[in-house]
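Structure assessment
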Amino acid sequence: MLRDRPRSPAPAGAAKPSRIAACCSPAPGWPPPSGRSPAYWLLSAGLTWAPDYLHEVSELTTDQAAAVVTATAVGNAVVLPAHGLLARRSTRRRTPPRLPAGLGGGLLMCVAAVSIAVFAEVDSVGVKIALMVGPMALTNVILTVSQTAVARITPAGQRAVALGALAFVYALAGTLSPPVTGRLVDAGASVPAGYRSAYLLMAGLVAAAGVLAVCFLRPDRDAARLGVGEALPTPAGHREGSLG
């Protein structure tokens, strides 16, 4: 039987073992899923509970709360392409980047964590709205940074599986966030106190993810350590293994 035959040793120059397991190591793997999970936690909790928070705690009308949630969604939508354009612009420069790849995303996560904590503590409705539309939206930057980092450290043939595993991990946060937030609100001495605890928890999660990203998220360095080279585009009309 073929399955009973001993496996011959891999020839020299053969592809190295899968690096998908690297997505579960402290570096480089932990920062991408640990960064996306708090970001998705905040996003899911905001979609579920932000209207009620604005109505019950900030005492906005239903229409006003809906307008703020819409403005927050617009802010989230602007952050991702704006960050992508800035990142693309920086890669086109011939001068070396000011910050290592991954460090900038971690710093933005830390700024967002401080903004969430201020949001939980401040009483001014205007400041809360400004934080929701602006600095708190910076959390979403890690959604693209982490995906790019995982793609960078994974061979092309295993990239789809690695990205799928990443999506599975951070999607769990989106599932757990609404019920956990609701439980914290119900367990609080009052509705504002419960929401304060929930948002401080979000701030702590985002801050922890930001610190991990600042300390460990270095996709280029880890790709070199794992032996993953830059992906090169295949010329049009050229087939793999062809001589001409």
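About the thresholds
- Residues numbered from 1 in each chain as written.
- Predicted model: local features only at pLDDT ≥ 70, side-chain atom pairs only at ≥ 80, totals over all residues.
- Heavy atoms only, no water.
- Helix = DSSP H or I, 4+ residues; strand = E, 2+ residues; numbered from the N terminus.
- Contact = heavy atoms within 4.5 Å.
- Areas by Shrake-Rupley, 256 points an atom, 1.4 Å probe, with all protein chains shown as cover.
- Salt bridge = Lys/Arg side-chain N within 4 Å of Asp/Glu carboxyl O.
- Patch = residues over 30% accessible without salt bridge, like charges linked within 9 Å, V, L, I, M, F, W, Y side chains within 5 Å.
- Buried < 20%, exposed > 50% of the residue type's maximum accessible area, 1.4 Å probe, protein only.
- Core = buried A, V, L, I, M, F, W, Y, C linked by side-chain atoms within 4.5 Å.
- Phe/Tyr/Trp six-rings, centres within 6.5 Å; stacked < 30°, edge-to-face > 60°.
- Lys NZ or Arg CZ within 6 Å of the ring centre and 35° of its normal.
- Expected span 1.5 Å × (residues − 1).
- Lys, Arg positive; Asp, Glu negative; His and termini not counted.
- 1 Å grid on protein atoms, 1.4 Å probe; cavity = no way out; pocket = protein on both sides within 12 Å on 5 of 7 lines; lining within 4 Å.
- Points joined across faces, edges and corners; volume = space filled by probe spheres on them.
- Nonpolar A, V, L, I, M, F, W, Y, C, P; charged D, E, K, R; others polar.
- Axes fitted to C-alpha atoms, helices over the stretch in contact; angles between N-to-C directions.
- Parallel < 35°, antiparallel > 145°, perpendicular 65-115°, else oblique.
- Left-handed = near helix turned anticlockwise from the far one by under 90°.

The secondary structure content of the protein amounts to eight helices and zero strands. A separation threshold of at least 6 residues defines the contact pool for the protein, and within that pool the share at least 24 residues apart is 77%. Accessible surface, the protein as shown: approximately 14200 Å² in total, 65% of it carbon and sulfur.

What follows concerns the pattern of salt bridges. This structure, assessed with the given rule, holds one salt bridge. Of the charged contacts, one joins arginine 196 and glutamate 121 as a salt bridge, the two residues approaching to 2.8 Å between their closest N and O atoms. Here the residue arginine 196 occupies a position in helix α7 (residues 191–216), and glutamate 121 occupies one in helix α3 (residues 103–121), the gap between them amounting to 75 residues.

The next subject is a nonpolar patch on the surface. On the surface, Val114, Val118 and Val127 cluster together to form a nonpolar patch covering roughly 210 Å² of accessible area. Counting through the fold element by element, valine 127 comes out in helix α4 (residues 125–133). A residue is classified by how much of its surface remains accessible, and valine 127, at 34% relative accessible area, is partly exposed.

Another aspect to go through is the nonpolar core. Generally speaking, a soluble globular protein has its nonpolar side chains buried in company with each other. In terms of nonpolar packing, the biggest core is built from 36 residues, with Leu54, Ile116, Phe119, Met132, Met136, Tyr199 and Met202 touching the most fellow members. Residue contacts for phenylalanine 119: discarding those within four places in its chain leaves Tyr53, Lys128, Leu131, Met132, Met136 and Tyr199.

Looking now at the packing of aromatic side chains. Going through the model one piece at a time under the given rule, you end up with five aromatic pairs. Its end group placed over the ring of phenylalanine 119, lysine 128 keeps NZ or CZ at 4.6 Å from the ring centre.

Residue glutamate 59 is not a glycine yet carries a positive backbone phi of 60 degrees. Exposure remark for glutamate 59: the relative accessible area of 67% places this residue in the exposed category.

Attention now moves to α7. An ideal rise of 1.5 Å per residue puts 38 Å on 26 residues; α7 measures up with 38 Å between its terminal C-alpha atoms. Residues Gly194, Tyr195, Ala198, Tyr199, Met202, Ala203, Val206, Ala209, Gly210 and Ala213 constitute the buried set of α7.

Turning to the side chain of lysine 128, a few remarks are in order. Take lysine 128: it is sitting in helix α4. Here lysine 128 occupies a buried position and makes no salt bridge, while the nearest side chain of opposite charge, aspartate 123, is found at 5.9 Å. Setting aside residues no more than four positions away along its own chain, lysine 128 makes contact with Tyr53, Ser58, Phe119, Ala120, Val122 and Asp123.

Empty pockets left among the atoms are what a rolling probe the size of a water molecule brings to light. Looking at the second largest pocket, its volume works out to about 270 Å³. Lining the second largest pocket are 18 residues; nearest its centre among them are Leu42, Leu43, Gly46, Thr72 and Asn76. Among the secondary structure elements, those contributing two or more residues to the lining of the second largest pocket are α1 (31–56), α2 (62–92) and α7. If you tally residues by element for the lining of the second largest pocket, the top one is α1, at seven residues. The residue makeup of the lining of the second largest pocket, split by class, is 13 nonpolar, five polar and no charged.

Next up on the list: the packing of helix α5 (residues 141–153) against helix α8 (residues 219–226). Between α5 and α8, the shortest axis-to-axis distance is 8 Å and the interhelical angle comes to 20 degrees. Comparing their axes, α8 and α5 come out roughly parallel. Pair α5 / α8 crosses with right-handed handedness. Across from Ala149, Arg152 and Ile153 in α5, the residues of α8 making contact are Pro219, Asp220, Asp222, Ala223 and Leu226.

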